[in-house]
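The residues making up each chain are set out below.
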Amino acid sequence: LRELQRCANLDPHSSLVQAEVAIAHIATEDYYTAMDASAFAATSAKTSDESNGALLLLWRACSYQCQEKARYSAWSDFAESVEHALSAEVAKDPASIDVAISDQILWLAEMCSTGAKESSEQYVAARLAQLSRTLRGLIMDTQPPDRRVGEVRTLTAKGFGFVYHASGSYFFHATSLSQ
């Protein structure tokens, strides 16, 4: 990390160096700093691939941070993490949201909905419900409206399984995941 920061000082506008700094911060579980570094990398990117890669890092760091907060039902901190990611203007550009980024955002939107139901604080629950709507609005044009996030609970050795969601269970075969 120290060497990467030195590189960033030598070339402060290199999105690739900033992306590597973000990856290093993710590895050390410093997710807020990783979000900042990846947002900076996205804004200084010279190509759309660099920008998309940096945005994926931003939302991935946010997801890791939120997963940690959800594990302990720290829903207020969860909301702050999502708001921190959304504070990067580049994170809200629908033109730069690809499938991998929308997967991260969709998972976060589902978790915000879960937090809104589980939070005992009314203000936090309302905040999380609003964040869920905001996140879904970001990916509305990039995803089919019936797409849902579920949990795989049953998976056989032959690759058959079921994904469970609040609206029901869905049968799948592992080969359909790679298509």
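Residues numbered from 1 in each chain as written. Predicted model: local features only at pLDDT ≥ 70, side-chain atom pairs only at ≥ 80, totals over all residues. Heavy atoms only, no water.

The subject of this paragraph is the packing of aromatic side chains. According to the stated counting rule, one finds two aromatic pairs in the structure shown. Ring centres of Y31 and Y64 lie 5.8 Å apart, and the angle between their planes is 50°; on these two criteria the pair is classed as tilted. Of this pair, Y31 sits in helix α3 (residues 31-43) while Y64 sits in helix α4 (residues 48-71), and the two are 33 residues apart along the sequence. (Phe/Tyr/Trp six-rings, centres within 6.5 Å; stacked < 30°, edge-to-face > 60°. Helix = DSSP H or I, 4+ residues; strand = E, 2+ residues; numbered from the N terminus.)

Further remarks concern the nonpolar core. Counting 44 residues, the largest nonpolar core has W59, F78, V82, L128 and L135 as its most contacted members. Top element by residues in this core is α4. It accounts for 10 residues. What L128 contacts, discounting residues up to four positions off in sequence, is W75, F78, A79, C112, G115 and A116. (Core = buried A, V, L, I, M, F, W, Y, C linked by side-chain atoms within 4.5 Å. Buried < 20%, exposed > 50% of the residue type's maximum accessible area, 1.4 Å probe, protein only. Contact = heavy atoms within 4.5 Å.)

Applying the stated rule across the entire model yields two salt bridges. Here E83 makes a salt bridge to R127, at a shortest N to O gap of 3.1 Å. Taken together, the residues E83 in helix α5 (residues 75-86) and R127 in helix α7 (residues 122-139) connect sequence positions 44 residues apart. By relative accessible area, R127 is classed as buried at 15%. A salt bridge links E110 to R136, with the shortest nitrogen-to-oxygen separation between them at 2.8 Å. Remark: R136 occurs in helix α7 and E110 occurs in helix α6 (residues 99-118); sequence separation between them is 26 residues. (Salt bridge = Lys/Arg side-chain N within 4 Å of Asp/Glu carboxyl O.)

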